[in-house]
Amino acid sequence: MHGYYEKSFLFILSVFLLVGWVSCETRIPARDATAERVAISSILIAGASEQHLLMTAIVKNIGDSLRYVQDAHVEVNGFPFTPISLDRINPQNPHNWVTTDLKIECGQICSLRVLYKERIIRGQTIVPSSLEPVTIKNDTIRWHHDPSHFGYSVSLNEAHVSHIGEAYFGIRYFPPGRYRLQIRAYDQNYERALTTASGSIGLEGAYGLFASACVWQDSVDLR
């Protein structure tokens, strides 16, 4: 993930925890005043060599301390995730579960299943369809828009430059040269996370976000 996505990842989780904590959602009941609240944050990336997930828990009235959850069973489409040891977690890229076995494709349906203590947490995301064809003409990058696309981001040379709602991006003011271009199309869950105050998006049984993105990337010449 680029820095922008890393910060958004942690920011969204924090918002969900705070909103979920002060709102009494009936579908995530608290058994007592010290009930443990669980939050999950994961954005599956089509074509990525690794898929990441962040799972944390907080117990109200016991210092309200946030901790990483390592003692669970996490899987997506039947492929298990492995916990990362606490001393290897990077605060700049906060995830504590990883898998290299899950291969995500654009247009795929992905189902999350987590077993934690007495809980069963489920989630679902529909990965957006392909962005192809991608064209560059008249100082504009254009790509295919599909109803499964609910927002886009554009990066040049691994630097985030824009988060937009339309299937094009102007490049008139970029110096000529060769760039590494990446375009991401996000699913409905991710877009809802940016536009609503819900504490649980794409999940049942936990706060947080379970979302996905389709990615197109290549080296391009801007003239």
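Residues numbered from 1 in each chain as written. Predicted model: local features only at pLDDT ≥ 70, side-chain atom pairs only at ≥ 80, totals over all residues. Heavy atoms only, no water.

Student: For this particular structure, what's the right way to read the sheet that holds strand 10 (residues 134–137)?
Tutor: Whether parallel or antiparallel, the strands of a sheet pair through hydrogen bonds between backbone atoms. Pairing is antiparallel across the open sheet formed by three strands, whose spatial order is 10-11-14. Of all strands in the sheet, those bounded by a partner on one side alone are strand 10 and strand 14 (168–170). Strand-to-strand, the axes of this sheet are offset by a mean angle of 15°, without reference to chain direction. (Pairing = 2+ DSSP bridges. Helix = DSSP H or I, 4+ residues; strand = E, 2+ residues; numbered from the N terminus. Axes fitted to C-alpha atoms, helices over the stretch in contact; angles between N-to-C directions.)

Student: Before we go on, may I ask you to explain the packing of aromatic side chains in this structure?
Tutor: The geometry of an aromatic ring pair is captured by the separation of the ring centres together with the interplanar angle, meaning the angle of the planes. Evaluated as defined, the whole model comprises four aromatic pairs. Aromatic pair Phe169 and Phe174: ring centres 6.0 Å apart, planes at 55°, arrangement tilted. In this structure Phe169 comes out as buried when scored by relative accessible area, which is 11%. Its relative accessible area of 26% is what places Phe174 among the partly exposed residues. (Phe/Tyr/Trp six-rings, centres within 6.5 Å; stacked < 30°, edge-to-face > 60°. Buried < 20%, exposed > 50% of the residue type's maximum accessible area, 1.4 Å probe, protein only.)

Student: Would you mind going over unusual backbone geometry with me for this structure?
Tutor: Note on backbone geometry: most residues besides glycine have negative phi, and most peptide bonds are trans. A cis amide bond links Glu132 to the next residue, Pro133, at an omega of 0°. Tracing the backbone shows Pro133 in the loop between strand 9 (119–126) and strand 10. In this structure, Lys117 takes a positive phi of about 55° despite not being glycine. Along the polypeptide, Lys117 turns up in the loop between strand 8 (109–116) and strand 9.

Student: What am I meant to see in the sheet that holds strand 8 here?
Tutor: Read across the sheet, five strands follow the order 5-4-8-9-17 without closing on themselves; strand pairing throughout is antiparallel. Unpaired on one side and paired on the other, strand 5 (79–80) and strand 17 (203–204) mark the two borders of the sheet. Relative to strand 17, strand 9 runs antiparallel, the two sharing two bridges. Its bridge partner being in strand 17, Gly123 is matched across the sheet by Leu203.

Student: Hey, could you run me through the pairing of strand 2 (residues 51–59) in this one?
Tutor: Regular strands place their side chains on alternate faces of the sheet. Extensive coverage of strand 2 is indicated by the burial of eight of its nine residues. Here strand 1 (residues 36–45) runs beside strand 2; their pairing, made up of six bridges, is antiparallel. Among the inter-strand pairings, Glu36 is bridged to a residue of strand 2, identified as Val59. The hairpin formed by strand 1 and strand 2 contains five residues between the paired strands, and Gly47 there has a positive phi angle of roughly 85°. Across three bridges, the pairing between strand 2 and strand 7 (residues 97–99) is antiparallel. From the neighbouring strand, His52 faces strand 7, where its bridge partner is Val98. Bridge count between strand 2 and strand 3 (residues 66–68): three bridges; the pairing is antiparallel. In the sheet register, Ala57 faces strand 3, and the bridge partner there is Arg67.

Student: Please clarify how the environment of Ser212 should be interpreted in this entry.
Tutor: Here Ser212 lies in strand 18 (residues 207–222). Counting along the chain gives 167 residues from Ser212 to Ile45, while the straight-line C-alpha distance between them is 5.8 Å. In this structure the side chain of Ser212 is engaged in a polar contact, spanning 2.7 Å, whose partner is the side chain of Thr125. (Polar contact = N/O pair within 3.5 Å; in protein donor to acceptor, adjacent residues only side chain to side chain.)

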